[in-house]
Amino acid sequence: MTWQGILQIFVLLAVVTVVGFFLSKYMYNTLEGGRTFMDRVLVPCERAVYRLCGIDPTVEMRWTRYVFVLLAVNVVGFVVLMVLLALQPVLTIFNPAHMHQVPFWVNLNTSISFMTNTNWQNYGGETTLSYLSQMWLTVQQFLSPVTGICLFLAVVRGFSRHNANTIGNFWRDFVRTLLWVAIPLAVIGAVVLIALGSPQNLHAYTVVHTLQGHKQTIAQGPVASMTSIMQLGDNGGGFFNMNVAQPFAGPNAASIFFQLILGFSVPVACIFLFGKMVKNTRQARPIYWSMVLLFVIGALVLYHFEAAGNPALAAHHLRLAASHNLEGKETRFGTGTTSLFENSTTTISWGSVIASNDSLTPIGGLVPLFNMMTGEVIFGSWGAGMIGMIAYAVLALFLAGLMVGRTPEYLGKKIESFEVKMAVLSMIVPSLVILVLAALSVALKAGTSGIFNPGPHGLSEVLYAFSSGVGNNGSAFGGLNAASPWYSATVGLAMLLGRFPMYIPLVAMGASLAKKQRIPESAGTFPTHGPLFTVLLTGTVVVVGALIFFPALALGPFAEQFAAHAGKLFGG
Amino acid sequence: MSDMDPTGHVGATGTALADGGEPPAGESPHGRRVTMSMWDKDLVRRSLRQSLRKLDPRALTHNPVMFVVEIGSLFTTADALRYLASGRLGSFSFTGQIAIWLWLTVLFANFAEAMAEGRGQAHADELRRTRTETEARKVTPEGIQVVPATTLQVGDVVVVAAGEVIPGDGEVIEGIASVDESAITGESAPVIRESGGDRSAVTGGTTVLSDEIQVKITAGRGESFLDRMITLIEAGVRQKTPNEIALALLLAGLTLIFLVVVVTVAPFSVYSHAPVSVTVLIALLVALIPTTIGGLLSAIGISGMNRLLERNVLALSGRAVEAAGDVNVIMLDKTGTLTMGSRQATSFTPSPGVEERRLAEAAQLSSLADETPEGRSIVVLAKERYDLRAPDLDGGDVEFVPFSAQTRMSGVDLDGRQIRKGAAESVARWAEVELDPQTAAAVEQISRAGSTPLLVAEDRQILGAVELKDVVKPGIKERLASLRAAGIKTVMITGDNPITADAIAREVGVDDFLAEATPERKMEYVKSIRSEGYMVGMVGDGTNDAPALANADVAVAMNTGTMAAREAGNMIDLDSNPTKLIEIVEVGKQILITRGALTTFSVVNDVAKYFAIIPAMFVVAYPGLNALNIMHLTSPETAILSAIIFNALIIPALIPLALRGVRYRATTAATILRKNLLIYGLGGLILPFVGIKLIDMIVSALHLVSTVK
């Protein structure tokens, strides 16, 4: 580990905090009735959209209506994508590379993946999809994070409103987030990425003859725009199979750092936005610090184990150029940046990668795995990470909050049976899905035949796939035949369950809270703005996550790490 | 309670009644229900029997956590027997011991519940013994008939004389009597019951000590207060409060998650070529699910109700007990609760040209025959200030002038001197003089300060004013301050005008006051602060309190109060002690704290159990995992057995805490939280590491199971 490598973790956090802080003000004004400098241009656009679609944005919706419309919009996006992919050989426009039929399972998996903001890709983009298909994926990359913000608003309004039956208007939330936040930021991002060296065109792939006399096809296309929204929207579904490790998507360190900032901007802004919405910015602090704490611990552990490399090599006094574990890493960026990037990709639910996670050291690989297993609440994707953390806060308060001698309350709202039921439901979903599907995969032939590395590493691969799916992350560990019907279907299922069944109960919880009266704060109220709550919240995330997944992780990464210390090899 | 007549005089009967009707102010209620020792022999024996009976799976369905443990115990027992039949003694010994400890886990939990229930049951039995078949003298058109009390209908009128037991709940419609209510309240001092007013309700089963009253029966058979009390204590035992239900839900959710965790370990272990036996999987499951809190949850709630009962408070709903912990505004009557209720002379203010000593002497003389506390306090004050001894009046020409509602004065005619004291206007009228501005100002100032001014005059000359002050109860200020620190607002209810109320409120240290309180204003006040999200607790005894009581979250009706007040309340204070509300709030908080502390403790305990069991499970397949055996437990079998023994033993170890409750001191939430998180959070994390290690050392030393690594 080098000091520069450690320093960049904190530099990144400092930069994204500043960006997120200012962005949260802008988002608050946009979404909760204020003025922004973009209004003059965007308000007419907004009105045009409403008129065109016949929407009345002033109608307040109950949560059931809100969720119904949200689901309807998502289903439409899903169906259009499936049809486009199915008709790819027939639709000749924007298909200079003459891409063929997309297999059904891949199509289904991809359509779910891009609806749920997962962007799990069990295909190679540049070898499977036409420009038209890639463009619709880009549309989905706008719609899915915006959906996340709508879920966030619905939940947080539970705390910010009181004695209210309604939680806002979905269309208004959706259109304003899209027009004011997603599109302008994506445009800025794309322009900067072009300036930093990514291509942006609709040309056919270039075929060149290498010096060795081989023929090489150089894939290209609307790379900058797609990379911009994939990073900004915490999508992670890249243009290229290699994702950002491909030099066009991640041309240099500046571009990588800029992409990190893009990815963190909205999730960090959501924390502060939460504070502004509940009219008490101090309440955002413990959540912010707990995310930062979990992020820093993860980044340092990951970096440490990657820098330490394979213990078997060290044990044999094999001092190579450096003992760093460089396998599967982009050598241009080295261990420090790669570790930071891989930790980031699983905290902000990105899924974008610059290394092969399969080649991380076992504990190094455990960190991204754990980040996802805890429900992607360390920053998380647009809105979703924040409401996941709110669910943890509700549970932490319910478990420990009684200790102050009052029935638990959060932000002046009493937490009762219904809220607990919904929070538990949303907590059960990810753990149940990961464990059950992974157990089936290692028990059934259909599953085991897709594992390339038997032994504990194979278990990690399987756990990672489902964690990535449920967490709507989309990053792949690798080493798994993800395109097989079994994994296409099961990971698809995981992505679906990890999106709607996980977050809709939280919207119901929010709606139930919105109906309640606000209890005035007093000296007898559980203090949820101080360092004590930071510790409690962080502890809850770690303990709950660890309790649920420890047995599986013991047989996966832990067993592998200790085996590596002993120099044991696993066949295959 | 209403404030007394502001003239400074209270009729003799009024004082006597006030003394008889409620316990002397400031004293702690004696006659408290006898608190049972925690390990009462009979109770323990009965609880042991009960805990076996509770093994019936149908009885356990209300507790999903323990239900799962019982199913696990059945499986392991079957497994153990299978090993015994096949002659694999090593496996039998290990599985058998695990099975024993799992059964013990369930029994310990049952025992905790039975202990708590038993204590409540004992109270109910005690009451039932006092319910006897009484006879009633019923008033009928044909005259008085003797009928069994059980035949009485609502609306019947009965006559009860001294020495007789009141046959049913009712209202005194004629007469006045002193009644011994110790059967219900445990309070031995008799109370006054009279027709009309706020002291008209009588309870079946209590005994009339003097005089005769006519009672109109208001409750039919099985609905009497005593009946309701017994059923409530018994039913209260099984009633779950909203928060308890929510917590049970969470525990069920955790149990479900851990069930999935353990079930999926099976395929993972098979895949990893480290198969695990069913016994070990069940052991892991039981170790992980929150058995500690699952086993003690109902005991905590029941014992909380019992603690209220020991304080002579009967909660009519579990919801109210829980609400007591949440109350953040409590409304307290000024008189009798915050102040002593009897005014004491505190200063003499002479008129211009009069010596203070002369005023004191005149005041003393005029009060010699005045037996009211106020009158006596004047004599005492004069003696303290000027060492004035009451002169020997025998033989002199003495004529005392008693207080009357018409004159609003009292005094003495002594050797030709005419001395009078009383309300300012009355005395001034008697003296036929205009009050000089200085004395008028003094009178005004005394009123403003919330005290009562008395004017003293001798032979038509105004001597000055005596200040009668309603003295704040000792210790009440500190109590209110600690309530404030705990985030509870106090509101004083008084019939005084706002200016006076403000002065007293400041002196007592309440946060707010409601002056010139009428039933409507009290109710409006309760409604308005509740609409701001506050939870309100209040005490009431009179019919005029009923509307406000009905709107409060925690409404404590005094047992001496009217039927209307009792109906409107959700708790009844058998001692009729108005400061009881503060204790009720503390008990409410204690229940919640205990529940939270044990939940936190239970969940963080899992961490250590993992470190014991997981390496033990997989160390054969992956020897490297022994690095996770940070406690250096002897062998896989000792590790698993030790974790299960710890898991079982922690339940009885915590029974005293569950029954007694975590200590509560009124202070800020942040302070309480820090302390409890340290003890039960951090403590819960560390303690099992130590406990499991110690048990492992014992298990290894005794060679209870295989110690082969």
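See above for the structure.
Reading the values: rules and limits
Numbering of residues starts from 1 in every chain and runs along the sequence as written. Think of it this way: whatever chain is written first is A, whatever ligand is written first is 1, and the rest follow in order. Local features in a predicted model are, by the rule used here, given only for residues with pLDDT of at least 70; side-chain atom pairs are given and counted only at 80 or more, and totals for whole chains, interfaces and linings are based on all residues. As a rule here, side-chain values come from all non-hydrogen atoms in the structure, and water together with hydrogens is ignored. Only when DSSP finds a minimum of two bridges between them are two strands counted as paired. Secondary structure elements follow DSSP: runs of H or I no shorter than four residues count as helices, runs of E no shorter than two count as strands, and numbering proceeds from the N terminus. Only protein atoms enter the 1 Å grid used here, on which a cavity is any set of points holding a 1.4 Å probe that cannot leave and a pocket is any open set flanked by protein within 12 Å on both sides along at least five of seven lines; residues with an atom within 4 Å of a point are listed as lining. Grid points are joined across faces, edges and corners, and a volume is the space filled by probe spheres set on the points. Charged means Asp, Glu, Lys or Arg here, nonpolar means Ala, Val, Leu, Ile, Met, Phe, Trp, Tyr, Cys or Pro, and polar covers whatever is left, Gly included. Here the expected length of a helix is defined as 1.5 Å per residue gap, with one fewer gap than residues. Residue burial is assigned from relative accessible area. The probe radius is 1.4 Å, only protein chains are included, and a residue is buried under 20% of its type maximum, exposed over 50%, and partly exposed in between. Should any heavy atoms of two residues lie within 4.5 Å, those residues are considered in contact. Summed over both partners, the accessible area (1.4 Å probe) lost when two parts come together is defined as the buried area. Within 3.5 Å is the distance limit for a polar contact, defined as a pair of N or O atoms, with the added protein rule that one can donate a hydrogen and the other accept it, and that residues adjacent in sequence qualify only through two side-chain atoms. Counted as salt bridges are all cases of a side-chain nitrogen of Lys or Arg within 4 Å of a carboxyl oxygen of Asp or Glu. The nonpolar core is taken to be a set of buried Ala, Val, Leu, Ile, Met, Phe, Trp, Tyr and Cys residues, with the residues joined through side-chain atoms within 4.5 Å. Only the contacting stretch of a helix is used when fitting its axis, a line to C-alpha atoms as for every element, and angles between N-to-C directions run 0 to 180 degrees. Small angles under 35 degrees read as roughly parallel and large ones over 145 as roughly antiparallel, with 65 to 115 read as roughly perpendicular and the rest as oblique. Centres within 6.5 Å make a pair out of two Phe, Tyr or Trp rings, where for Trp the six-membered ring is used; the pair is then stacked when the planes are under 30 degrees apart, edge-to-face when over 60, and tilted otherwise. Charge over a ring is defined by NZ of Lys or CZ of Arg lying within 6 Å of the ring centre and within 35 degrees of the ring normal. Exposure above 30% relative accessible area and the lack of any salt bridge qualify a residue for a patch; like charges then connect within 9 Å, and the nonpolar side chains Val, Leu, Ile, Met, Phe, Trp and Tyr within 5 Å. Residue burial considers only the protein chains on display, and all accessible areas are found by Shrake-Rupley using a 1.4 Å probe. By definition, the crossover connecting two strands over a helix is right-handed if that path, from the first strand to the second, turns clockwise as seen with the strands pointing away from the viewer.

K.L.:
Hey, could you go over the sheet that holds strand 3 (residues 157–161) of chain B for me, with residue numbers and the actual values?
P.N.:
Residues and elements named next belong to chain B. With antiparallel pairing, the six strands of this open sheet are ordered in space as 2-1-3-9-4-7. Looking along the sheet, the strands with just one partner apiece sit at the ends: strand 2 (143–148) and strand 7 (201–202). Direction of pairing for strand 1 (residues 135–140) relative to strand 3: antiparallel, over a ladder of two bridges. Along strand 3, the bridge assignment pairs K138 with V158.

K.L.:
Could you give me a rundown of empty space enclosed by the protein, with the residues and numbers involved?
P.N.:
Residues and elements named next belong to chain A. As enumerated under the stated definition, the model contains 13 cavities of 30 Å³ or more in all. If you trace the largest cavity, you find 18 residues lining it, with T374, Y392, S426, M427 and P430 closest to the centre. Counting only elements with at least two residues in the lining of the largest cavity, the list comes to helix 14 (384–400), helix 15 (417–443), helix 18 (485–515) and helix 19 (531–565). Residues belonging to the lining of the largest cavity are distributed by class as follows: twelve nonpolar, six polar and no charged.

K.L.:
How would you sum up helix 4 (residues 104–115) of chain A? Please name residues and give values.
P.N.:
Residue and element names in this part refer to chain A. Across its twelve residues, helix 4 extends 16 Å between first and last C-alpha, which sits within 8% of the 16 Å expected from 1.5 Å per residue. Burial runs high along helix 4: ten of the twelve residues are buried. Taken together, the buried positions of helix 4 are V106, N107, L108, N109, T110, S111, I112, S113, F114 and M115. Where the residues of helix 4 are buried, they touch helix 3 (63–86), helix 6 (131–160) and helix 18. Downstream of helix 4 by one or two residues, N117 has phi in the positive range, about 65°.

K.L.:
So what's going on with the interface of chain B and chain A? Which residues, and what values?
P.N.:
Every contact between the two is made by 62 residues of chain B and, on the other side, 60 residues of chain A. For the chain B and chain A pair, buried surface summed over both sides reaches about 5,000 Å², with 79% attributable to carbon and sulfur atoms. In this assembly, chain B and chain A are joined by 14 residue pairs in polar contact (both at pLDDT 80 or more). The element best represented in the side of chain B that touches chain A is helix 8 (residues 242–271) of chain B, accounting for 20 residues. Class assignment for the residues of the side of chain B that touches chain A results in 37 nonpolar, 16 polar and nine charged.

K.L.:
Can you lay out the pattern of salt bridges for me, pointing to particular residues and giving the numbers?
P.N.:
Residues and elements named next belong to chain B. What the rule picks out here adds up to 35 salt bridges over all chains. Salt-bridge contacts for R137 lead to E212; the nearest nitrogen and oxygen are separated by 3.9 Å. A residue pair is termed long-range when its members are at least 10 positions apart, and R137 in strand 1 and E212 in strand 9 (residues 212–217) qualify at 75 residues. The exposure class of E212 is partly exposed, given its relative accessible area of 46%. Note that E458 is salt-bridged to R358, the shortest N-O span being 3.8 Å.

K.L.:
Let's hear about the nonpolar core: which residues, and what values?
P.N.:
Formed by 307 residues in total, the largest nonpolar core has its most connected members in A:F379, A:Y410 and B:M571. The greatest single-element share of this core, amounting to 21 residues, is contributed by helix 21 (residues 580–618) of chain B. Among the nonpolar cores identified, the runner-up in size contains 20 residues, and B:A362, B:L388, B:V456 and B:V466 belong to it.

K.L.:
Account for the packing of helix 15 of chain A against helix 8 of chain B, with residues named and values stated.
P.N.:
Contact pair helix 15 of chain A / helix 8 of chain B: the axes reach a minimum separation of 9 Å and the direction vectors enclose 5°. On the basis of the axis angle, helix 15 of chain A is roughly parallel to helix 8 of chain B.

K.L.:
Before we move on, can you summarise the packing of aromatic side chains with the specific residues and values?
P.N.:
This structure, assessed with the given rule, holds 24 aromatic pairs over all chains. The interplanar angle of 80° and the centroid separation of 5.6 Å between the aromatic rings of A:F21 and A:F272 together place this pair among those described as edge-to-face. With A:F21 in helix 1 (residues 3–31) and A:F272 in helix 9 (residues 253–277), this residue pair connects regions lying 251 residues apart in the sequence. Judged by relative accessible area, A:F272 falls into the buried class, the value being 16%. Centre to centre, the rings of A:Y464 and A:F477 are 4.7 Å apart; their planes meet at 25°, and the pair counts as stacked. Placement of A:Y464 in helix 17 (residues 456–470) and of A:F477 in the loop between helix 17 and helix 18 is noted, with a sequence separation of 13 residues between them. Of the two residues, A:Y464 and A:F477, both sit in the buried class. Among the aromatic residues, those joined into a ring-pair cluster are A:F21, A:F22, A:F272, A:Y288 and A:W289. A cation over an aromatic ring shows up here: A:R176 above the ring of A:W180, its NZ or CZ 4.1 Å from the ring centre. The ring of B:W430 is capped by B:R460, whose NZ or CZ atom sits 4.8 Å from the centre of that ring.

K.L.:
So what's going on with the sheet that holds strand 18 (residues 489–493) of chain B? Residues and values would help.
P.N.:
Strand pairing in a sheet relies on backbone hydrogen bonds. The paired strands run either parallel or antiparallel. Residue and element names in this part refer to chain B. Across the sheet, seven strands lie side by side as 10-22-21-20-11-18-19; this open sheet has mixed pairing. The open sheet is flanked by strand 10 (313–315) and strand 19 (512–514), the only strands paired with a single partner. With direction set aside, neighbouring strand axes in the sheet form an average angle of 20°. Across the sheet, helix 21 lies against strand 10, strand 11 (329–333), strand 20 (536–540), strand 21 (554–558) and strand 22 (571–573), angled at about 160° from strand 11, the strand it touches most.

K.L.:
If you had to explain unusual backbone geometry to someone new, which residues and values would you point to?
P.N.:
What you tend to see is this: most non-glycine residues have negative phi, and most peptide bonds are trans. A positive phi angle, close to 60°, is found at A:K279, a residue other than glycine. Here B:H273, not a glycine, exhibits a phi torsion of approximately 55°, which is positive. By the secondary structure assignment, B:H273 is in the loop between helix 8 and helix 9 (278–288).

K.L.:
Break down a nonpolar patch on the surface for me, citing the residues and quoting the values.
P.N.:
Residues and elements named next belong to chain B. Taken together, the side chains of L678, I679, L682, I686, V690, L694 and M697 present a nonpolar region at the surface, about 660 Å² in accessible area. Note that M697 resides in helix 23 (residues 669–702). On the basis of relative accessible area, M697 is assigned to the partly exposed category, the value being 47%.

K.L.:
I'd like a rundown of the pairing of strand 20 of chain B, residues and numbers included.
P.N.:
Successive residues of a regular strand alternate their side chains across the two faces of the sheet. Residues and elements named next belong to chain B. Within strand 20, five of the five residues are buried, leaving the element largely enclosed by the surrounding structure. Where burial is concerned, the two faces of strand 20 agree: the one with V536, M538 and G540 and the one with G537 and V539 are both buried. Of the strand pairs in this sheet, strand 20 and strand 21 are connected by four bridges, and their pairing is parallel. The residue of strand 21 that forms the bridge with V539 is V556. Chirality of the crossover, the property in question, places the unit of strand 20, helix 19 (residues 546–551) and strand 21 among those that are right-handed.

K.L.:
Which residues make up the environment of B:N544, and what values do they have?
P.N.:
All names here are of chain B. Tracing the backbone through its elements, the reader meets N544 in the loop between strand 20 and helix 19. Classification of N544 as partly exposed rests on a relative accessible area of 36%. The spatial distance from the C-alpha of N544 to the C-alpha of L682 is 51 Å, given a sequence separation of 138 residues. Excluding residues that lie within four positions of it along the chain, N544 makes contacts with P519 and K522.

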